[in-house]
Amino acid sequence: MKAWVSIVLALALPTAVMANEAAKEGENAAPKVAYIGMTPPFVGNYALDGGPKLHVYKADIALKVTGAEAEAAVKRQDPLLRNQLVALFAQQTSDSMSNVEGKEKLRQEALKQLQQVMNDEEGKPIVEDLLFNNLIVQ
């Protein structure tokens, strides 16, 4: 009978040690990256040059942040961030929205402006990247 107890203890001990190590790793793990989708998508007009042609965009945007605290801060500032993006899109021209280079410059400028807003409101940039999941212009 003592042999069985010894075998059971010998088998259970490594499992307990592994569970303890996993718990320590969970405590020391780096904060997780999150992608926050800004919903609903942005839809509006741009390049209002007074001409007969109406220019319309639809942008589906996600923001990359790290950690639950950063995610909460972005959600808290969502209305201000959306306002900044709407104003930026409205300033665009037909040329800046019609090619890949222009869209990349727009993405970088949007990221820069959102980081500035977050820095002003939360004390640090928080938003690590801005992704266009979908950007349609007409």
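Rules used throughout
Residues numbered from 1 in each chain as written. Predicted model: local features only at pLDDT ≥ 70, side-chain atom pairs only at ≥ 80, totals over all residues. Heavy atoms only, no water. Pairing = 2+ DSSP bridges. Helix = DSSP H or I, 4+ residues; strand = E, 2+ residues; numbered from the N terminus. Axes fitted to C-alpha atoms, helices over the stretch in contact; angles between N-to-C directions. Phe/Tyr/Trp six-rings, centres within 6.5 Å; stacked < 30°, edge-to-face > 60°. Buried < 20%, exposed > 50% of the residue type's maximum accessible area, 1.4 Å probe, protein only. Lys NZ or Arg CZ within 6 Å of the ring centre and 35° of its normal. Left-handed = near helix turned anticlockwise from the far one by under 90°. Contact = heavy atoms within 4.5 Å. Nonpolar A, V, L, I, M, F, W, Y, C, P; charged D, E, K, R; others polar. Polar contact = N/O pair within 3.5 Å; in protein donor to acceptor, adjacent residues only side chain to side chain.

Peer 1: What's the story with the sheet that holds strand β2 (residues 56-66) in this structure? I'm lost.
Peer 2: Adjacent strands of a sheet form backbone hydrogen bonds with each other and so pair up, either parallel or antiparallel. Pairing in this open sheet of three strands is antiparallel, and the strands run β1-β2-β3 from one edge to the other. Looking at the sheet topology across the chains shown, the edges are occupied by β1 (33-45) and β3 (129-137). Each adjacent strand pair in this sheet contributes to an overall mean axis angle of 15°, direction not counted. Where β2 and β3 come together, eight bridges link them in antiparallel fashion. Bridge pairing in β3 links L63 to L130.

Peer 1: Just to check I follow, could you spell out the packing of aromatic side chains for this structure?
Peer 2: Aromatic ring pairs are described here by two measures, namely the spacing of the ring centres and the angle between the planes. Tallying each qualifying case throughout the model produces four aromatic pairs. With a centroid separation of 4.6 Å and an interplanar angle of 25°, the aromatic rings of Y57 and F89 are classed as stacked. Of this pair, Y57 sits in strand β2 while F89 sits in helix α3 (residues 78-90), placing them 32 residues apart in sequence. Here the two residues Y57 and F89 agree in accessibility, since each one is buried. Members of the aromatic cluster, each reached through a chain of ring pairs, are F42, Y46, Y57, F89 and F132. Above the ring of F42, the side-chain terminus of R82 is found at 4.2 Å from the ring centroid.

Peer 1: Would you take a moment to explain the packing of α3 against helix α5 (residues 100-122) for this structure?
Peer 2: Any two packed helices are characterised by how steeply their axes cross, that is the angle between the axes, and by the distance between the axes. Their axes nearest at 10 Å, the elements α3 and α5 cross at an angle of 145°. Relative to α5, α3 is oriented so that their crossing is right-handed. Between α3 and α5, the residues in contact are L80, L81, Q84, L85, L88 and F89 and L106, E109, A110, Q113, L114, V117, M118 and E121, respectively. Taken together, the residues of the contact of α3 with α5 break down into 10 nonpolar, two polar and two charged.

Peer 1: Any chance you could explain the side chain of Q92 here in plain terms?
Peer 2: Relative to the assigned elements, Q92 resides in the loop between α3 and α4 (94-97). A polar side-chain atom of Q92 sits 3.0 Å from the main-chain carbonyl oxygen of L88. In this structure Q92 touches Y46, A47, M97 and L106, once residues within four positions along its chain are discounted.

Peer 1: Explanation requested: the packing of helix α2 (residues 68-76) against α3 in the structure shown.
Peer 2: The geometry of α2 relative to α3 is characterised by a closest axis approach of 5 Å and an angle of 65° between their N-to-C directions. On the side of α2, the interface is formed by V74, K75 and R76, while α3 contributes D78, P79 and L81.

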